[in-house]
Amino acid sequence: MALRVKALESLLVEKGLVDPAALDAVIDTYENKVGPRNGARVVARAWSDPAYKARLLDDATAAIAELGYIGRQGEHMVAVENTPQVHNLVVCTLCSCYPWPVLGLPPVWYKSSPYRSRAVIDPRGVLREFALELPAAVEIRVWDSTAEIRYLVLPQRPAGSEGMNEEQLAALVTRDAMVGVAVVSLPAPAAGGAGAARGVRP
Amino acid sequence: MNGVHDMGGMHGLGAVVHEADEPVFHERWEARALAITLAMGWWNKWNIDATRHARERIPGAEYLRMSYYEKWIAGLEEQMIAAGLVTRAEIDSGRAAPGAPHATPPLTAAGVAATLARGNSTARSVPQRPRFKPGDRVRTRNINPAGHTRLPRYARARQGVVQRDHGAHVYPDSNAHFLGEQPQHLYSVRFEARELWGVNAGVRDGVCLDLWEAYLEPA
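Rules of the game
Residues numbered from 1 in each chain as written. Chains lettered and ligands numbered in written order. Predicted model: local features only at pLDDT ≥ 70, side-chain atom pairs only at ≥ 80, totals over all residues. Helix = DSSP H or I, 4+ residues; strand = E, 2+ residues; numbered from the N terminus. Buried ≥ 20, exposed ≤ 12 C-beta atoms within 10 Å, placed from the backbone. Contact = placed C-beta atoms within 7 Å. pLDDT = per-residue confidence, 0-100. Nonpolar A, V, L, I, M, F, W, Y, C, P; charged D, E, K, R; others polar. Pairing = 2+ DSSP bridges. Core = buried A, V, L, I, M, F, W, Y, C linked by C-beta atoms within 7 Å. Domains from an automatic or database assignment. Axes fitted to C-alpha atoms, helices over the stretch in contact; angles between N-to-C directions. Parallel < 35°, antiparallel > 145°, perpendicular 65-115°, else oblique. Left-handed = near helix turned anticlockwise from the far one by under 90°.

## With respect to the overall build of chain A
The number of helices and strands found in chain A is 11 helices and 4 strands. Referenced to the eigenvectors of the C-alpha coordinate spread, the extents of chain A come out at roughly 60 × 40 × 35 Å. Evaluated residue by residue, chain A yields a buried proportion of 54% over its 202 residues. Restricting the contact set of chain A to residue pairs at least 6 apart, pairs at least 24 apart contribute 67%.

Right, here's the structure in full:
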C-alpha cells in the first residue's frame, strides 16, 4: 500500500489536483493538534462547572465550541451522560463516524468489524473485552452514529477526585471513557492498592 | 444496500483487539491516504454520502480483508475516475496522460486550518413541520434499497420511541446518488434491546439510532 499511495499522490500532484503542503498540514492537524485531550478538557469543565455541564447536555455543539473545538466531523454534537443507572456506549455500525474535534481520529478497534458488529447486539460482551464489567442493574445505552450527529460520552466523575482542579481532572479522562468502553478512575496508590482500572491509562 | 458494511448484529467477526498507546497512524502511507482523501473532497465532485457509498461498493470479501485506509483509497480511486479527475490508466501508470490539463489545487496549506474548522454542516432549513415529536412511537420501514441508506438492517421493521428531533438534515439516500439533498427531519429513536435482539437481550438496555423521517412511520 505504501507504494500505491505514494504513486497516487505523485500522480495527483503532477496533475495539480492536490498540494503536498496542504496534505502535510492536514496530517499535522490530526497528529498534533486535534485529539482526545480536547474532549478531556470538555469533560473536566463539565465536572467542575455545573452551568457548563447543563449547557453541554442541552447543546453540546455550542458548549464544546466555547472551548474552541469545532469543525469537521463535529458539526453536530450530542453529549450523553453516564450515571450510576445508565452507561452510554458509542459505535458506528455502518462505517466509522466519530467526533473528530474532541477525540481526534478513531482508533483501529473502533473502526474494526468486531466492534462495529457486536457493540449493538452484545454490548456487555464487548465491554468485557475492554475489561469493563458493569452490574446487570445498569442500563447500557448504545448510540449507533447513523447520521452526522456525533456523540461524546460524559463519564462519571470518579470518587476521590473532589479536590482536583480542571487540569488534574482532564488528565484522568481517557479517550476510551469518552467512547464508553471504559470508566474513569483515580490512579492506583503508589503503594500498590487494588490496581488501576484500564480507564486511567492514556 | 445490504452489504457487509452493514454489520451491526453480526457474530463471528472476532474479538475486539485494543492496542494500548495506539499511534494516530501506524504507517506513513495511512496519513497520506487520509490527507489525500480529505484534500480531494475540496473539488466538490462528490459528497460525504457518496464517499461512504463508494466504500460500501467494495466487494464484500475485499471489504472484510482490507485495512481501513485501504478501503479509503479504493473508494477514492473509483470516485476520482467516475468524476473524470483521473483515468484508470493514469492510476495504473502513476503518471499523468500526455497532454492532460494541469489544475490548481483548491485546498492550500494556508487554507487547511480554516476549512477543517468550518466543517460541513448537514443541517438545512425546510418548510415542512416535523411529522414526529419526542415520545412518539414509531416503526421503521422495511426497506431494502440496492443503493445507499443509513437505516441498518438490524433496525428495519422495528418499533421505537422518538427521543429528540435534530432538525432537518441532508438525506443520504438521495445525496449519495447525486439526486439532491432532499433535507428532512432527523430523529434520535430509541429501540429496546429486546425489540431488536429478542428475549435474551438485556431487559433495560437500548440502542439509539439517528433516523430520517422517510425511514419512519407511526406505530
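## Considerations on the confidence of the model for chain B
Residues of chain B with pLDDT of at least 70 account for 100%, and the chain-wide mean is 97. Per the prediction output, this complex has pTM 0.95; the corresponding ipTM is 0.97.

## Details of the interface of chain A and chain B
On the side of chain B, 72 residues touch chain A, which itself brings 67 residues to the contact. Broken down by secondary-structure element, the contributors of at least two residues to the side of chain A that touches chain B are helix 1 (2-14), helix 2 (20-33), helix 7 (108-111), helix 8 (113-118), helix 9 (123-129) and strand 3 (139-144) of chain A. At 11 residues, the largest contribution of residues to the side of chain A that touches chain B is made by helix 1 of chain A. Taken together, the residues of the side of chain A that touches chain B break down into 36 nonpolar, 12 polar and 19 charged. Examined bridge by bridge, strand 3 of chain A and strand 5 (residues 206-212) of chain B share 4 bridges and lie parallel to one another.

## Observations regarding the nonpolar core
Grouped together as the largest cluster of nonpolar side chains are 109 residues, with contacts concentrated most on Val26, Val43, Leu152 and Val173 of chain A together with Ala35, Ile36 and Ala39 of chain B. Examining the composition of this core, we find that 9 residues originate from one element, helix 1 (residues 28-41) of chain B, more than from any other.

## As for the domain arrangement of chain B
Residues and elements named next belong to chain B. Split into domains, chain B comes out as domain 1 (28-118) and domain 2 (123-218). Once you take the C-alpha centre of each, domain 1 and domain 2 turn out to be 30 Å apart. Contacts between the two partners involve 6 residues from domain 1 and, on the opposite side, 5 residues from domain 2. In the side of domain 1 that touches domain 2, the residues fall into 1 nonpolar, 2 polar and 3 charged.

## Digging into the environment of leucine 107 of chain B
One can find leucine 107 of chain B in the loop between helix 5 (88-93) and helix 6 (112-118). On the neighbour-count criterion, leucine 107 of chain B (24 C-beta atoms within 10 Å) is buried. Taking C-alpha positions, leucine 107 of chain B is 8.3 Å from methionine 40 of chain B, a pair spaced 67 residues apart along the chain. Setting aside chain neighbours within four positions, we find leucine 107 of chain B in contact with Asp19 and Ala22 of chain A together with Ala39, Trp42, Val112 and Thr115 of chain B.

## A few points about the domain arrangement of chain A
What the domain assignment lists for chain A is domain 1 (1-33) and domain 2 (36-187). Here the C-alpha centroids of domain 1 of chain A and domain 2 of chain A sit 31 Å apart.

## Observations regarding the packing of helix 2 (residues 48-56) of chain B against helix 4 (residues 68-82) of chain B
Residue and element names in this part refer to chain B. At a minimum axis distance of 8 Å, the contact between helix 2 and helix 4 shows a crossing angle of 110°. Between helix 2 and helix 4, the crossing angle belongs to the class labelled roughly perpendicular. Helix-helix and strand crossings are classified by hand; for helix 2 and helix 4 the assignment is right-handed. Mapping the contact onto sequence places Ala50, Thr51, Ala54 and Arg55 in helix 2 and Lys71, Gly75, Glu78 and Gln79 in helix 4.

## Here's the deal with the packing of helix 1 of chain A against helix 1 of chain B
Contact geometry of helix 1 of chain A with helix 1 of chain B gives a least axis separation of 9 Å together with a crossing angle of 35°. When you trace helix 1 of chain A past helix 1 of chain B, the crossing you get is left-handed. Side by side, helix 1 of chain A and helix 1 of chain B meet where Ala2, Val5, Lys6, Leu8, Glu9 and Leu12 of chain A of the first sit next to Trp29, Arg32, Ala33 and Ile36 of chain B of the second. A class-by-class count of the residues in the contact of helix 1 of chain A with helix 1 of chain B yields 7 nonpolar, no polar and 3 charged.

## Looking at unusual backbone geometry
Residues and elements named next belong to chain B. Despite not being glycine, asparagine 44 shows a phi value in the positive range, around 55°. Considering the arrangement of structural elements, one finds asparagine 44 in the loop between helix 1 and helix 2. With phi around 40°, glutamine 182 is a residue other than glycine that occupies positive phi space. Relative to the assigned elements, glutamine 182 resides in the loop between helix 7 (172-175) and strand 4 (184-192). In this structure glutamine 182 comes out as partly exposed when scored by C-beta crowding, with 16 C-beta atoms within 10 Å.

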